[in-house]
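Coordinate analysis (summary)
Listed below, chain by chain, are the residues.
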Amino acid sequence: MEQETKELRKAGLKVTHPRMRILQIFEDEEAHHLTAEDIYKRLLAHQEDIGLATVYRVLTQFEAAGIVVKHNFEGGQAVYELDRGKHHDHMIDVDSGKVIEFVSEEIERLQHEIAARHGYVIEDHSLVLYVRPKKGHK
């Protein structure tokens, strides 16, 4: 609880029950990528009286404050994850919708080389690979 309180205050947000609970869900959750509906269902499962509109409002505030990052992966709902400050890329399993995070120094290096070759410097980027399990691998 103390960590969540510090994070909210550092972001300039008042410590409210909905904000605390939603932040706790992100920190307790094994799945790093959650939709607003995922969060709402978890709140309902714990008999929390926090509506879906409030969940969306809090997520928007968290995104503006840099607490969460919003992703709009193709063909799916917006998903949110805590902004841990470490860059990573994503793979989306097109069959299951599972989101896999990965880091590749080689891909990062190549992206910078390609940008430089064209006379640019990368300010920011997002890489999403849409994948399907190989036959025989699950």
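The rules behind these values
- Residues numbered from 1 in each chain as written.
- Predicted model: local features only at pLDDT ≥ 70, side-chain atom pairs only at ≥ 80, totals over all residues.
- Heavy atoms only, no water.
- Helix = DSSP H or I, 4+ residues; strand = E, 2+ residues; numbered from the N terminus.
- Expected span 1.5 Å × (residues − 1).
- Buried < 20%, exposed > 50% of the residue type's maximum accessible area, 1.4 Å probe, protein only.
- Arc of directions from axis to C-beta.
- Contact = heavy atoms within 4.5 Å.
- Polar contact = N/O pair within 3.5 Å; in protein donor to acceptor, adjacent residues only side chain to side chain.
- Domains from an automatic or database assignment.
- Buried area = accessible area lost by both parts, 1.4 Å probe.
- Salt bridge = Lys/Arg side-chain N within 4 Å of Asp/Glu carboxyl O.
- Nonpolar A, V, L, I, M, F, W, Y, C, P; charged D, E, K, R; others polar.
- Pairing = 2+ DSSP bridges.
- Axes fitted to C-alpha atoms, helices over the stretch in contact; angles between N-to-C directions.
- Parallel < 35°, antiparallel > 145°, perpendicular 65-115°, else oblique.
- Left-handed = near helix turned anticlockwise from the far one by under 90°.

**Thoughts on helix H5 (residues 105-117)**
An ideal rise of 1.5 Å per residue puts 18 Å on 13 residues; H5 measures up with 18 Å between its terminal C-alpha atoms. Inspection of H5 places Glu108, Gln111 and Ala115 among the buried residues, and these make up the whole buried set. For H5, the angular spread of the buried residues around the axis is 60 degrees, confining them to a single face. What points out from H5, more than 90 degrees from its buried face, is the exposed set Glu105, Glu106 and Arg117. On the buried face of H5, the contacting elements are strand S3 (89-93). Positive backbone phi, approximately 85 degrees, marks glycine 119, located one or two places after H5.

**Quick look at the side chain of glutamine 111**
Topologically, glutamine 111 is positioned in helix H5. At a separation of 3.1 Å, a polar atom in the side chain of glutamine 111 contacts the side chain of histidine 125. Residues contacting glutamine 111, with those up to four places away along its chain left out, are Ile122, His125 and Leu127.

**Structural notes on the domain arrangement of the protein chain**
The domain boundaries assigned to the protein chain delineate domain 1 (1-82) and domain 2 (89-131). Of the residues lining the interface, six residues belong to domain 1; the matching set on domain 2 comes to six residues. Taken over both partners, the interface formed by domain 1 and domain 2 buries close to 520 Å², and the fraction arising from carbon and sulfur atoms is 64%. Contact with domain 2 buries surface across domain 1, with His33, Phe73 and Glu74 losing the most and accounting together for 77% of the total. Taken together, the links from domain 1 to domain 2 amount to zero salt bridges. Counting every contact that joins domain 1 to domain 2 gives three residue pairs in polar contact (both at pLDDT 80 or more). Residue composition of the side of domain 1 that touches domain 2, grouped by class: one nonpolar, three polar and two charged.

**A look at the sheet that holds strand S5 (residues 128-131)**
Spatial strand order, S4-S3-S5: three strands in an open sheet with mixed pairing. Edge positions in the sheet fall to strand S4 (99-102) and S5, since each of these pairs with one other strand and no more. The sheet shows a mean angle of 25 degrees between the axes of neighbouring strands, taken without regard to direction. Looking at chain direction, S3 and S5 are connected through four bridges and run parallel. Across the sheet, residue aspartate 93 finds its bridge partner in S5, namely valine 131.

**Quick word on the packing of helix H1 (residues 2-10) against helix H2 (residues 17-28)**
Two numbers describe how H1 lies on H2: the axes approach to 10 Å, and their chain directions differ by 115 degrees. Judged by the angle between their axes, H1 and H2 are roughly perpendicular. The two elements H1 and H2 cross, and the hand of that crossing is right-handed. In this structure, H1 contributes Glu4, Thr5, Glu7 and Leu8 to the contact, and H2 contributes Arg19, Met20, Leu23, Gln24 and Glu27.

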